[in-house]
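Residue-level structure breakdown
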Amino acid sequence: MRRSLLLLSIPVLAVVFALLARPYSLGIKLEQNADDYSQALGNDQPEIALSMMTEAAAAGLSPEFLGRLSGEPVPDNFRYDGRDDKGIRMTGSLGDAGSRVIWFSTENGILVTHDTALDNILGSAVLLCRESALADPEGFCPVSGRAYEYNPDTGNVTCPEGHLGEGMVISSDACALRRDSVLIELTGYIEAGYPFPDTIEEMFVLSDEEFGRRGGYRCPDNGYKYYELRNGAIYCPFHEQCSEAVVNQ
């Protein structure tokens, strides 16, 4: 009889032990850490978020840059979603906005290795760094907060995080030459009897491709910036400079 009672009590004890142990299970800890980490970023507590990341994940990130995630929606809940080469994947629902995935490593505690929300803003790191270097080549990278390396003799500035590749020459000389060449093209267009265009691209269209270039002209120092027409002059929004000569409209 006693043996039977003992055998019956084993499953009961196993269930009780599982219930008691569940709050301390890895799954629960991962859910809690994912929530704490995303809450820290959403509530403008980047220092806390950085402390919850692996050394590799936190490298090159400043609290100020992570502050860009302040106000980001935090998923209602996170659930285990498998493993891959980034670590343990925890996915949280954002309703109609989709989902957010945070990856963890458990080698030295439960630490964040990757985050889709962070990846989204890191996509603009190069552009932000270029604009910052142009504004102040002796300043700091807006992503890491580390100082630029600037050579005033050559005008070359490099970013310690590699956002500028081998470096970027902070000089508008090449841009000035191109602006002047576009101005010459515009002058020839006007002298050929075509109406003054509203945009540089329109010069190409109105002249049946005789003058100008399809899509317009880009600054040689920043391929994302296209020249504009301002008061008859060729204006570069990257250097915020106009061609010296002005075409009469």
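In the block above lies the structure referred to throughout.
Let me begin by describing the structure that accompanies this report.

What counts, and where the lines are drawn
- Residues numbered from 1 in each chain as written.
- Predicted model: local features only at pLDDT ≥ 70, side-chain atom pairs only at ≥ 80, totals over all residues.
- Heavy atoms only, no water.
- Salt bridge = Lys/Arg side-chain N within 4 Å of Asp/Glu carboxyl O.
- Buried < 20%, exposed > 50% of the residue type's maximum accessible area, 1.4 Å probe, protein only.
- Helix = DSSP H or I, 4+ residues; strand = E, 2+ residues; numbered from the N terminus.
- Contact = heavy atoms within 4.5 Å.
- Core = buried A, V, L, I, M, F, W, Y, C linked by side-chain atoms within 4.5 Å.
- Pairing = 2+ DSSP bridges.
- Axes fitted to C-alpha atoms, helices over the stretch in contact; angles between N-to-C directions.
- Phe/Tyr/Trp six-rings, centres within 6.5 Å; stacked < 30°, edge-to-face > 60°.
- Lys NZ or Arg CZ within 6 Å of the ring centre and 35° of its normal.

Considering the pattern of salt bridges
If you walk through the whole model with that rule in mind, you get seven salt bridges. Taking the shortest distance from any N to any O, the salt bridge between Arg214 and Glu209 comes out at 3.2 Å. On the basis of relative accessible area, Arg214 is assigned to the exposed category, the value being 59%. When salt bridges that share partners are traced, they join Asp81, Asp84 and Arg89 into one network.

Some points on the environment of Pro137
With respect to the element layout, Pro137 can be found in the loop between helix 7 (125–135) and strand 5 (149–151). In this structure the C-alpha to C-alpha distance between Pro137 and Glu149, which are twelve residues apart in sequence, comes to 7.9 Å. Apart from residues no more than four positions distant in its own chain, Pro137 is found in contact with Tyr148, Tyr150, Val157 and Ile170.

Side note on the nonpolar core
Membership of the largest hydrophobic core comes to 37 residues, with the highest contact counts inside it found for Tyr37, Met53, Leu61, Phe104, Leu118 and Tyr148. Listed by contribution, the elements that provide at least two residues to this core are helix 2 (26–42), helix 3 (46–51), helix 4 (55–58), helix 5 (63–66), strand 2 (87–93), strand 3 (99–105), helix 6 (116–122) and helix 7. In terms of residues, this core owes the most to one element, helix 2, which gives five residues. Discounting chain neighbours no more than four positions away, the residues touching Tyr37 are Ala49, Met52, Met53, Arg100, Ile102, Val112, Asp115 and Leu118.

Some thoughts on the environment of Glu55
With respect to the helices, strands and loops of the structure, Glu55 is situated in helix 4. Classification of Glu55 by relative accessible area gives exposed; the value is 75%. Through-space distance from the C-alpha of Glu55 to that of Leu111 is 9.1 Å; in sequence the pair is 56 residues apart.

Remarks on the sheet that holds strand 1 (residues 78–84)
With antiparallel pairing, the four strands of this open sheet are ordered in space as 1-2-3-4. Where the open sheet ends on each side, the last strands, each with one partner, are strand 1 and strand 4 (111–115). For this sheet, the mean angle separating the axes of adjacent strands, direction not counted, is 35°. Here six bridges tie strand 2 to strand 3, and the two strands are oriented antiparallel to one another. Bridge pairing links Met90 to Ile102 in strand 3. Sheet strands in contact with helix 2 are strand 1, strand 2, strand 3 and strand 4, and its direction is about 115° off that of strand 3.

Things to note about the sheet that holds strand 12 (residues 241–242)
A sheet is described by the order of its strands in space; here three strands give the open sequence 10-11-12, paired in antiparallel fashion. At either end of the open sheet lies a strand with only one pairing partner, and these are strand 10 (228–230) and strand 12. Here three bridges tie strand 10 to strand 11 (residues 233–236), and the two strands are oriented antiparallel to one another. Considered in strand 11, the bridge of Glu228 is made with Tyr235.

Some points on the packing of aromatic side chains
Under the defined criterion, the tally for this structure stands at three aromatic pairs. Both rings, one in Tyr189 and one in Phe211, keep their centres 6.1 Å apart while their planes meet at 85°; by these two values the pair is edge-to-face. Placement of the pair is Tyr189 in helix 8 (residues 173–191) and Phe211 in the loop between helix 9 (200–206) and strand 8 (218–219), with a sequence separation of 22 residues. For Phe211, a relative accessible area of 14% translates into the label buried. Ring geometry for Tyr194 versus Phe211: centroids 6.1 Å apart, planes at 70°, classification edge-to-face. Taken as a pair, Tyr194 in the loop between helix 8 and helix 9 and Phe211 in the loop between helix 9 and strand 8 lie far apart in primary sequence, 17 residues in all. Pairwise contacts between aromatic rings join Tyr189, Tyr194 and Phe211 into one cluster. Lying over the aromatic face of Trp103, Lys86 brings its terminal NZ or CZ to 4.5 Å of the ring centre.

Quick word on the pairing of strand 2
With five of its seven residues buried, strand 2 lies for the most part within the structure. Pairing analysis gives five bridges linking strand 1 to strand 2, with the strands arranged antiparallel. Paired with Arg83 across the bridge in strand 2 is Ile88. As consecutive antiparallel partners, strand 1 and strand 2 are separated by two residues.

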